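The primary structure of each chain is shown beneath.
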Amino acid sequence: MAGTDWMRDAACQHRPDLDWFDLDCNLAACLAVCADCPVGDDCLDYAIEHELRDGLWGGEWGYRLEAYVKKRGRGRRGRR
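To keep things clear, this report deals only with the structure shown in the data block. (Residues numbered from 1 in each chain as written. Predicted model: local features only at pLDDT ≥ 70, side-chain atom pairs only at ≥ 80, totals over all residues. Heavy atoms only, no water.)

**A short note on helix α1 (residues 27-35)**
- Buried within α1 are the following residues: Cys-30, Val-33 and Cys-34. Buried residues of α1 fall within an arc of 100° about the axis and therefore sit on the same side. Looking at α1, the residues exposed on the side facing more than 90 degrees away from the buried face are Ala-28 and Ala-35. (Buried < 20%, exposed > 50% of the residue type's maximum accessible area, 1.4 Å probe, protein only. Helix = DSSP H or I, 4+ residues; strand = E, 2+ residues; numbered from the N terminus. Arc of directions from axis to C-beta.)

**Quick word on the nonpolar core**
- Counting residues in hydrophobic clusters, the biggest one holds 20 residues, and the most contacted among them are Trp-6, Trp-20, Cys-30, Leu-56 and Trp-57.
- Residue assignment for this core shows that the elements contributing at least two residues are α1, α2 (40-49) and α3 (62-73).
- If you tally residues by element for this core, the top one is α2, at five residues.
- Excluding anything up to four places from it in sequence, Trp-20 contacts Cys-12, Arg-15, Cys-30, Val-33, Cys-34, Gly-55 and Leu-56. (Core = buried A, V, L, I, M, F, W, Y, C linked by side-chain atoms within 4.5 Å. Contact = heavy atoms within 4.5 Å.)

**A word on the side chain of Asn-26**
- Note that Asn-26 resides in the segment before α1.
- Here Asp-19 takes part through its backbone nitrogen, which lies 3.1 Å from a polar atom of the side chain of Asn-26.
- Residue contacts for Asn-26: discarding those within four places in its chain leaves Leu-18 and Asp-19. (Polar contact = N/O pair within 3.5 Å; in protein donor to acceptor, adjacent residues only side chain to side chain.)

**Details of the packing of aromatic side chains**
- According to the stated counting rule, one finds three aromatic pairs in the structure shown.
- Residues Phe-21 and Trp-57 carry aromatic rings whose centres are separated by 6.2 Å and whose planes lie at 70° to one another, so their mutual orientation is edge-to-face. In this pair, Phe-21 is assigned in the segment before α1 and Trp-57 in the loop between α2 and α3, connecting sequence segments 36 residues apart.
- On the accessibility criterion, Phe-21 (54% relative accessible area) is exposed. (Phe/Tyr/Trp six-rings, centres within 6.5 Å; stacked < 30°, edge-to-face > 60°.)

Take it as geometry only, folks, not as evidence of what the structure does.
The structure is reproduced here in structure tokens:
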């Protein structure tokens, strides 16, 4: 999806009770939501494109998310 249109279909929109940027206490719950999200690839692409390194994006976080962002900087994209 172009731009941010995909965000309206994101499963996390229905879970404002979860903190998607402080994952210490709710990582498992956040990952479960991401696992069933219909726009997970769009979400990760957005994070990579905008070099977002904090939070959970498309089921990736921490050093894994950082690795995707670094790959983009070297001209390589792709997931899984």
